Amino acid sequence: MAAALERRGCAVVLRRAGPASGDAERLAREAEAEFDIIVAAGGDGTLNAVVNGMEAAPRAVALLPFGTANVLAREIGLPRDPERLADLIAAAPARPVWPGRVGDRLFLTTASSGFDAETVAAINPRLKRRAGRLAFACAILACLWRYRANELRVQVDGMDHRAAAVIAAKGRFYAGPYVVAPRAELAEPMLDFVLFQRSGRLAVLRYLAALLLGRLLRRRDITVLRAREALVSAAGAAPVQADGEIVARLPVRIAIAERPLQLVRP
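Residues numbered from 1 in each chain as written. Predicted model: local features only at pLDDT ≥ 70, side-chain atom pairs only at ≥ 80, totals over all residues. Heavy atoms only, no water.

(A) The arrangement of the overall build of the protein in detail. Along its length, the protein carries nine helices and 18 strands. In terms of C-alpha radius of gyration, the protein reaches 18 Å, essentially the compact-globule figure of 18 Å for 266 residues. Taken along the three principal axes of its C-alpha coordinates, the protein extends 55 × 40 × 30 Å. When burial is assessed residue by residue, the protein has 46% of its 266 residues classed as buried. The contacts in the protein between residues at least 6 apart in sequence include a share of 69% that link residues at least 24 apart. A total of about 13,700 Å² of accessible surface is found on the protein, and carbon and sulfur atoms cover 52% of it. Considering the protein, the positive charge centre built from 38 side chains and the negative charge centre built from 27 side chains are found 8 Å apart. (Helix = DSSP H or I, 4+ residues; strand = E, 2+ residues; numbered from the N terminus. Rg over C-alpha atoms; globule rule 2.2 N^0.38 Å. Buried < 20%, exposed > 50% of the residue type's maximum accessible area, 1.4 Å probe, protein only. Contact = heavy atoms within 4.5 Å. Areas by Shrake-Rupley, 256 points an atom, 1.4 Å probe, with all protein chains shown as cover. Lys, Arg positive; Asp, Glu negative; His and termini not counted. Charge placed at Lys NZ, Arg CZ, Asp CG, Glu CD.)

Here it is in structure tokens:
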């Protein structure tokens, strides 16, 4: 990919993030001002780290999708062919997208609390690097085994809603090709809050089956609310994930960021 970009007249500097947590964010934060574009080579979590690292000195960002789920790449329709992807990064103008924010952390795909975030918290990082999606399957089984209901309070536009889980979506897709918020749009300064109202192992299995079959939003125990922000709390300090990484504990404010960022996209 570096060679393909150089053939198109781009000056490319490669920097490798190590396995330590925060390396990608640090490299983005320390990137010299003369770089026009920072390209994140990895998955949604790597892009999340880069976007947060460059927040103090914003510039255009592009993605080489080398991750497990590659939700954002699917959302914006990134080409898989390396030559077409190099054409896009070299020539396509960056376009504004509105990220979300959990506390002081930006996100570009989803943020959530409930069974989804518990699963992310349970993933074995070493297994994820070696086996990809198998690590998610193992984490789901582990969370089902030790499942404990935890009712969430989601406050949107001054109204209180109760839920077993909530997903704040910036785009349509979730965990790969599965649609969770069909009206969500990266270019709009809005969030779609998807509330899962039932708790229990059986409810989780039914939600998973409906998601896999593309029937999630047909369920009567799913509510979708469009808003710029929500306050989420619970009796316990449940984990909160954003772009596939644990970033906070409840209570949190999930909201649209104060300004858009520039993303190279088709």
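(B) Here's a closer look at helix α8 (residues 133–145). With 13 residues, α8 should reach 18 Å at 1.5 Å per residue; the first-to-last C-alpha distance of 19 Å fits that figure. Taken as a whole, α8 has its buried residues at A135, A139, C143 and L144. Looking at the buried residues of α8, the elements they touch are α6 (115–122), α7 (125–131) and α9 (201–212). (Expected span 1.5 Å × (residues − 1).)

(C) The arrangement of the environment of A2 in detail. Counting through the fold element by element, A2 comes out in helix α1 (residues 2–7). The exposure class assigned to A2 is partly exposed, which follows from its relative accessible area of 23%. Spatially, the C-alpha atom of A2 lies 34 Å from that of A121, the residues being 119 residues apart in sequence. When residues no more than four places from it in sequence are discounted, the contact partners of A2 are V12 and L14.

(D) Region of the structure containing the nonpolar core. One finds L47, V61 and L72 to be the most contacted residues of the largest nonpolar core, which totals 30 residues. Discounting chain neighbours no more than four positions away, the residues touching L72 are D44, L47, L63, L108, T109, L186 and L263. Core analysis: the second largest hydrophobic core is formed by 24 residues, L152, L191, F193 and A227 among them. (Core = buried A, V, L, I, M, F, W, Y, C linked by side-chain atoms within 4.5 Å.)

(E) Spatial organisation of helix α5 (residues 82–91). Every buried residue belonging to α5 is among L85, A86, L88 and I89, and all of these are buried. Taken end-on, α5 shows its buried residues confined to a sector of 160°, consistent with a single buried face. Along α5, exposed side chains directed more than 90 degrees from the buried face belong to R84 and A91. In this fold, the buried residues of α5 make contact with α1, β1 (37–42), β2 (60–65) and β18 (261–264). Residue D81 occupies the N-cap position of α5, its side-chain oxygen lying 3.2 Å from the main-chain nitrogen of E83. (Arc of directions from axis to C-beta. Polar contact = N/O pair within 3.5 Å; in protein donor to acceptor, adjacent residues only side chain to side chain.)

(F) View of the packing of aromatic side chains. Counted under the stated rule, the structure contains two aromatic pairs. Here F196 and Y207 contribute two aromatic rings whose centre-to-centre distance is 5.0 Å and whose plane-to-plane angle is 85°, an arrangement assigned as edge-to-face. A residue pair is termed long-range when its members are at least 10 positions apart, and F196 in strand β12 (residues 191–196) and Y207 in helix α9 qualify at eleven residues. Overall, F196 belongs to the buried group, its relative accessible area being 9%. (Phe/Tyr/Trp six-rings, centres within 6.5 Å; stacked < 30°, edge-to-face > 60°.)

(G) The packing of α6 against α8, seen in detail. Here α6 crosses α8 at 120°, and the two axes come no closer than 8 Å. In the packing of α6 onto α8, the handedness of the crossing is right-handed. Taken together, the residues of α8 that come into contact with α6 (itself represented by F115, E118, T119 and A122) are F136, A139, I140, C143 and L144. (Axes fitted to C-alpha atoms, helices over the stretch in contact; angles between N-to-C directions. Left-handed = near helix turned anticlockwise from the far one by under 90°.)

(H) Spatial organisation of the sheet that holds strand β6 (residues 110–113). Read across the sheet, six strands follow the order β13-β12-β9-β6-β15-β16 without closing on themselves; strand pairing throughout is antiparallel. Both edges of this open sheet fall to β13 (222–227) and β16 (245–249), since each of them pairs with a single strand only. When the angles between neighbouring strand axes are averaged without regard to direction, this sheet yields 20°. Bridging between β6 and strand β15 (residues 239–242) involves three bridges; their strand directions are antiparallel. Residue pairing across strands places S113 opposite V240, the latter belonging to β15. Where α6 meets the sheet, its contacts fall on β6, β9 (165–169), β15 and β16, and the angle it forms with β15 comes to roughly 85°. (Pairing = 2+ DSSP bridges.)

(I) Structural context of the pattern of salt bridges. Under the criterion given, the structure shown has 16 salt bridges. D23 is the salt-bridge partner of R26, the closest N and O atoms lying 3.9 Å from each other. Of this pair, R26 and D23 both sit in helix α2 (residues 23–29), three residues apart, which is roughly one turn of the helix. Given the relative accessible area of 16%, D23 is considered buried. Linking R226 and D192 is a salt bridge whose minimum nitrogen-to-oxygen distance equals 2.7 Å. Taken together, the residues span a long stretch of sequence, with R226 in strand β13 and D192 in strand β12 at a distance of 34 residues. Taking the relative accessible area as the measure of exposure, D192 reaches 1% and is therefore buried. (Salt bridge = Lys/Arg side-chain N within 4 Å of Asp/Glu carboxyl O.)

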